[in-house]
Amino acid sequence: MTPLILRDLKLAIRSGGAWLLGIFFFALFLTFCVIAVGADKTRLGTLGPALIWLAVMFSTLLSFQDIFSRDMADGTLEHVLLSPASGLSVVTAKAVGFAILSVGPILLALPMAGIMLGLSTITISGLALSVIFATPALAAYGTLASALMSRRGSGGFLIILISAPFLIPVLIFGLSAVDSFARTGIMAMEFRALAGLSLIGMAIGLPAASAAITANLE
């Protein structure tokens, strides 16, 4: 699995920055939100966590299509699955690569985004932790949606439609976790719910993605 992850990282670095599309959208979305809301720090502080979570969701949704499409188009995926590597290990490697390349830069930029919106340190910490807890769910459901549509050359909109219902609970509990972090800390019920959603996503989404890729290659 590790060689597959390293391969995806190398290809992303050589792609000329295409893997940074998600973080560019994240920054652009928040910039437009700040312009639209205005300079009212009270409103920005109230809306900030929701705006950041929406930016995280939209930027990751835009990246789902690229998880399998390129490898499916050039035949790489079929050759990898013909090797001793199992389908589950391949989709797990893809999910890990997605988390590193798409969610990783957002996590690095999140403190700066929080400062731009005038959020407190405790709120920024809660946001970062909620996104970390939700990352396995984002990666698993994104991998599943991308695997289901891997045969289609441009299934971006359908991928969003497929994955959005799975991600709505993640968004709800992610926002609730930010509010609860200041009172209860990381032991808040919402963080446990996010961890549960991530475990469910990995237990169901990754095997289903493996089955979908196998079916699409037959």
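What counts and how
- Residues numbered from 1 in each chain as written.
- Predicted model: local features only at pLDDT ≥ 70, side-chain atom pairs only at ≥ 80, totals over all residues.
- Heavy atoms only, no water.
- Helix = DSSP H or I, 4+ residues; strand = E, 2+ residues; numbered from the N terminus.
- Buried < 20%, exposed > 50% of the residue type's maximum accessible area, 1.4 Å probe, protein only.
- Contact = heavy atoms within 4.5 Å.
- Areas by Shrake-Rupley, 256 points an atom, 1.4 Å probe, with all protein chains shown as cover.
- Core = buried A, V, L, I, M, F, W, Y, C linked by side-chain atoms within 4.5 Å.
- Patch = residues over 30% accessible without salt bridge, like charges linked within 9 Å, V, L, I, M, F, W, Y side chains within 5 Å.
- Salt bridge = Lys/Arg side-chain N within 4 Å of Asp/Glu carboxyl O.
- Phe/Tyr/Trp six-rings, centres within 6.5 Å; stacked < 30°, edge-to-face > 60°.
- Expected span 1.5 Å × (residues − 1).
- Axes fitted to C-alpha atoms, helices over the stretch in contact; angles between N-to-C directions.
- Parallel < 35°, antiparallel > 145°, perpendicular 65-115°, else oblique.
- Left-handed = near helix turned anticlockwise from the far one by under 90°.
- Nonpolar A, V, L, I, M, F, W, Y, C, P; charged D, E, K, R; others polar.

J.: Would you mind going over the overall build of the protein chain with me for this structure?
T.: On a plain count of helices and strands, the protein chain comes out with nine helices and zero strands. Going from N to C terminus, the protein chain has its helices and strands arranged as α-α-α-α-α-α-α-α-α. By residue count, 47% of the 218 residues in the protein chain fall in the buried class. A separation threshold of at least 6 residues defines the contact pool for the protein chain, and within that pool the share at least 24 residues apart is 80%. Carbon and sulfur atoms form 71% of the exposed surface of the protein chain, whose accessible area is close to 10,500 Å².

J.: Is there a simple way to explain the nonpolar core in this structure?
T.: Side chains of a nonpolar character, in soluble globular proteins, are inclined to be buried together. Counting residues in each nonpolar core, the largest one holds 61 residues, and the members touching the most others are Phe26, Leu30, Ile52, Trp53, Val56, Val170 and Ile213. When residues of this core are traced back to their parent elements, those giving at least two are helix H2 (21–37), helix H3 (41–63), helix H5 (76–82), helix H6 (87–116), helix H7 (121–148), helix H8 (156–184) and helix H9 (189–217). Among the elements that take part in this core, H7 stands out by supplying 13 residues, more than any other. Aside from chain neighbours lying at most four places away, what touches Phe26 is Ile52, Ala55, Val56, Ser59, Ile106, Ala109 and Ala113.

J.: For this particular structure, what's the right way to read a nonpolar patch on the surface?
T.: Residues Leu28, Phe32 and Ile35 make up a contiguous nonpolar surface patch of about 340 Å² in total accessible area. Structurally, Ile35 is set in helix H2.

J.: For this particular structure, what's the right way to read the packing of aromatic side chains?
T.: For any pair of aromatic rings, the description rests on two quantities: the centre-to-centre distance and the angle between the ring planes. Scanning the model with the defined rule gives six aromatic pairs in all. Between Phe133 and Phe191, the ring centres sit 5.2 Å apart and the planes meet at 65°, which makes this aromatic pair edge-to-face. Linking Phe133 in helix H7 with Phe191 in helix H9, this pair joins segments that are 58 residues apart in sequence. A relative accessible area of 24% places Phe133 in the partly exposed class. An aromatic cluster of three or more residues is present, and its members are Phe25, Phe29 and Phe58.

J.: What is the right way to read H2 from this model?
T.: Working note: α-helix, 3.6 residues per turn, so residues spaced by three or four point in the same direction. Given a rise of 1.5 Å per residue, 17 residues ought to cover 24 Å, and the 24 Å separating the end C-alpha atoms of H2 matches this to within 8%. Looking at the packing, one finds that the buried side of H2 touches H3 and H6. One or two residues past the end of H2 sits Gly38, with phi positive at roughly 95°.

J.: Can you help me understand the packing of H6 against H9 in this one?
T.: The relative placement of two packed helices is expressed as an angle between their axes plus a distance between the axes. As a packed pair, H6 and H9 sit with axes 8 Å apart at the nearest point and diverge in direction by 115°. Between H6 and H9, the interaxial angle falls into the category roughly perpendicular. Seen from above, H6 lies across H9 with right-handed handedness. Across the interface between the two elements, Gly87, Leu88, Val91, Thr92 and Ala95 from H6 touch Leu206, Pro207, Ala209, Ser210 and Ile213 from H9. A per-class count over the contact of H6 with H9 returns seven nonpolar, three polar and no charged.

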